[in-house]
Amino acid sequence: MIAERVNAASSDASDRAFVRRAMRLPLLSPNEEATLAASWRNRQDQRALHKLVAPHMRLVISTAVRFRHYGLPLNDLIQEGNLGLMQAAARFEPEREVRFATYAAWWIRAAIQDFVLRNWSIVRTGTTAAHKSLFFNLRRLRAKIERGGREALTLEGRRKLARQLNVSESDVIHMESRLAASDRSLNATVGEDGEAAWQDLLVDERPNPEETTMARRDTRLRAHWVGEAVAALPERERIIVQARFFTDEAVTLERLGTRLGISKERVRQLEHQALKRLRRRLGDIADLQRDFSSD
């Protein structure tokens, strides 16, 4: 226990020292920045890469700090931001006359946001750009819309926020509840007695054995009816229906016409006629079943 505390304390001290060193590094001039970026891109100069990214560690740290309220370790956020910084260095084009910090800021923020979305909850949070924007802006916009006076959005506040972020009101409600709640283990106990677990309260929405058996019986019965109806068709219509609807790859009308020695249009007419016969025959069977059931 004491060893763990010592290790944690030494880790915190090293982290603070790292942050202080990063903040003390001098910023690069535009010319220095362009020269280092060109050396890295053209000659894969590792020293140039280090000199280019090291002064921008302060940008990684400041960005990571803004995401601390999601409950993830700052060290992890900084590491993900470093990955974004390296991605920026790999793609930076100095001839475009854009400062590296401006370009890298997007990559750093994107890397940290992606890490937060993947690790904030075991349940996937954002799937679209609009949902991600909702996740990262809900708290700020909620405070702005409700003037900081409410913990939850009003109906009008939800509508306004949904319009601003181009999402539905149900998305806003769902995200509000997700941000307000934490992950909970299904094995956690419910109540003071501790005898029941949350998983005991889950509803099994799968069909029960009786429903499964009935569904299988109905499927076999429908297949039997369809088989009988197809078998009762005239020969050419039966060949067309089987080739068009009961094979892995439907045969074209043109190929069927060649096979049967008739035109493509005639095949179409016979197919239409066969489908009408099938619908009528299967409809008669369904009527008989209903009459039998009502008796």
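Residues numbered from 1 in each chain as written. Predicted model: local features only at pLDDT ≥ 70, side-chain atom pairs only at ≥ 80, totals over all residues. Heavy atoms only, no water.

Q: Could you give an account of the packing of helix H2 (residues 30-43) against helix H3 (residues 46-53), naming the residues involved and the relevant values?
A: Remark: H2 packs on H3, axes separated minimally by 8 Å, with the N-to-C direction vectors making an angle of 140 degrees. It follows that H2 is oblique to H3 by the angle criterion. The handedness of the crossing between H2 and H3 is left-handed. The residues of H3 that touch H2, namely those facing Glu 33, Leu 36, Ala 37, Ser 39 and Trp 40, are Gln 46, Ala 48, Leu 49, Lys 51 and Leu 52. Each residue belonging to the contact of H2 with H3 can be placed in one class, and the counts come to six nonpolar, two polar and two charged. (Axes fitted to C-alpha atoms, helices over the stretch in contact; angles between N-to-C directions. Helix = DSSP H or I, 4+ residues; strand = E, 2+ residues; numbered from the N terminus. Parallel < 35°, antiparallel > 145°, perpendicular 65-115°, else oblique. Left-handed = near helix turned anticlockwise from the far one by under 90°. Contact = heavy atoms within 4.5 Å. Nonpolar A, V, L, I, M, F, W, Y, C, P; charged D, E, K, R; others polar.)

Q: If you had to explain the packing of aromatic side chains to someone new, which residues and values would you point to?
A: Two aromatic rings are characterised by how far apart their centres lie and by the angle between their planes. Scanning the entire structure with this criterion turns up four aromatic pairs. Pairing Phe 92 with Phe 100 gives two aromatic rings, centres 5.1 Å apart and planes at 75 degrees, and the pair type is edge-to-face. For the pair shown, Phe 92 and Phe 100 are each scored as buried. Ring centres of Tyr 103 and Trp 107 lie 6.5 Å apart, and the angle between their planes is 55 degrees; this geometry places the pair in the tilted category. With Tyr 103 and Trp 107 both in helix H6 (residues 100-119), this residue pair falls four residues apart, about one helical turn. The exposure class of Tyr 103 is partly exposed, given its relative accessible area of 26%. An aromatic cluster is built from Phe 92, Phe 100, Tyr 103, Trp 106 and Trp 107, whose rings are joined through pairwise contacts. (Phe/Tyr/Trp six-rings, centres within 6.5 Å; stacked < 30°, edge-to-face > 60°. Buried < 20%, exposed > 50% of the residue type's maximum accessible area, 1.4 Å probe, protein only.)

Q: So what's going on with helix H12 (residues 253-260)? Residues and values would help.
A: Residues of H12 that are buried: Leu 253, Leu 256 and Gly 257. Taken around the axis of H12, the buried residues stretch over an arc of 105 degrees, which confines them to a single face. For H12, the exposed residues lying more than 90 degrees away from the buried face are Glu 254, Arg 255, Thr 258 and Arg 259. Directly beyond the C-terminal end of H12, a positive phi value near 75 degrees is found at Gly 261. (Arc of directions from axis to C-beta.)

Q: Can you break down helix H8 (residues 155-165) residue by residue, with the values?
A: When H8 is considered as a whole, its buried residues turn out to be Gly 157, Arg 158, Leu 161, Ala 162 and Leu 165. Buried residues of H8, viewed axially, fall in a sector of 130 degrees; they line one side. At the exit of H8 stands Asn 166, carrying a positive phi of roughly 60 degrees.

Q: I'd love a proper account of the nonpolar core, names of residues and values included.
A: If you look at the biggest cluster of nonpolar residues, it comprises 28 residues, and the most contacted ones within it are Leu 52, Leu 77, Leu 85, Ala 89, Phe 100, Ile 112 and Val 116. Counting residues per element, the ones that place at least two in this core are H2, H3, helix H4 (57-65), helix H5 (74-91) and H6. With six residues, H6 is the single largest residue contributor to this core. Grouped together as the second largest cluster of nonpolar side chains are eight residues, Ile 240, Ala 243, Val 251 and Leu 270 included. (Core = buried A, V, L, I, M, F, W, Y, C linked by side-chain atoms within 4.5 Å.)

Q: Any chance you could break down the pattern of salt bridges for me, citing the residues and the numbers?
A: Under the defined criterion, the tally for this structure stands at seven salt bridges. Linking Glu 95 and Arg 41 is a salt bridge whose minimum nitrogen-to-oxygen distance equals 3.0 Å. Of this pair, Glu 95 sits in the loop between H5 and H6 while Arg 41 sits in helix H2; the two residues are 54 residues apart in sequence, bridging distant segments of the chain. The exposure class of Glu 95 is partly exposed, given its relative accessible area of 48%. (Salt bridge = Lys/Arg side-chain N within 4 Å of Asp/Glu carboxyl O.)

Q: Run through the side chain of Glu 80, naming residues and quoting values.
A: By secondary structure assignment, the location of Glu 80 is in helix H5. By relative accessible area, which is 17% here, Glu 80 ends up buried. Contacts of Glu 80, omitting those with residues within four sequence positions, involve Ala 111, Ile 112, Phe 115 and Arg 118.

Q: Talk me through the environment of Gln 113; I want residue IDs and the actual numbers.
A: Topologically, Gln 113 is positioned in helix H6. Under the relative-accessibility criterion, Gln 113 is labelled partly exposed at 24%. Expressed as a C-alpha distance, the spacing of Gln 113 and Ala 64, which sit 49 residues apart in the sequence, is 9.4 Å.

Q: I'd like to hear about the confidence of the model for the chain, residue by residue, with values.
A: When the pLDDT values of the chain are averaged, the result is 77; 71% of them are 70 or greater. Low pLDDT, under 50, characterises residues 1-10; the stretch is placed with zero contacts to residues that sit more than four places away or in other chains. Predicted confidence for residues 291-295 stays below pLDDT 50, and this span has zero contacts to residues more than four positions away or in other chains. (pLDDT = per-residue confidence, 0-100.)

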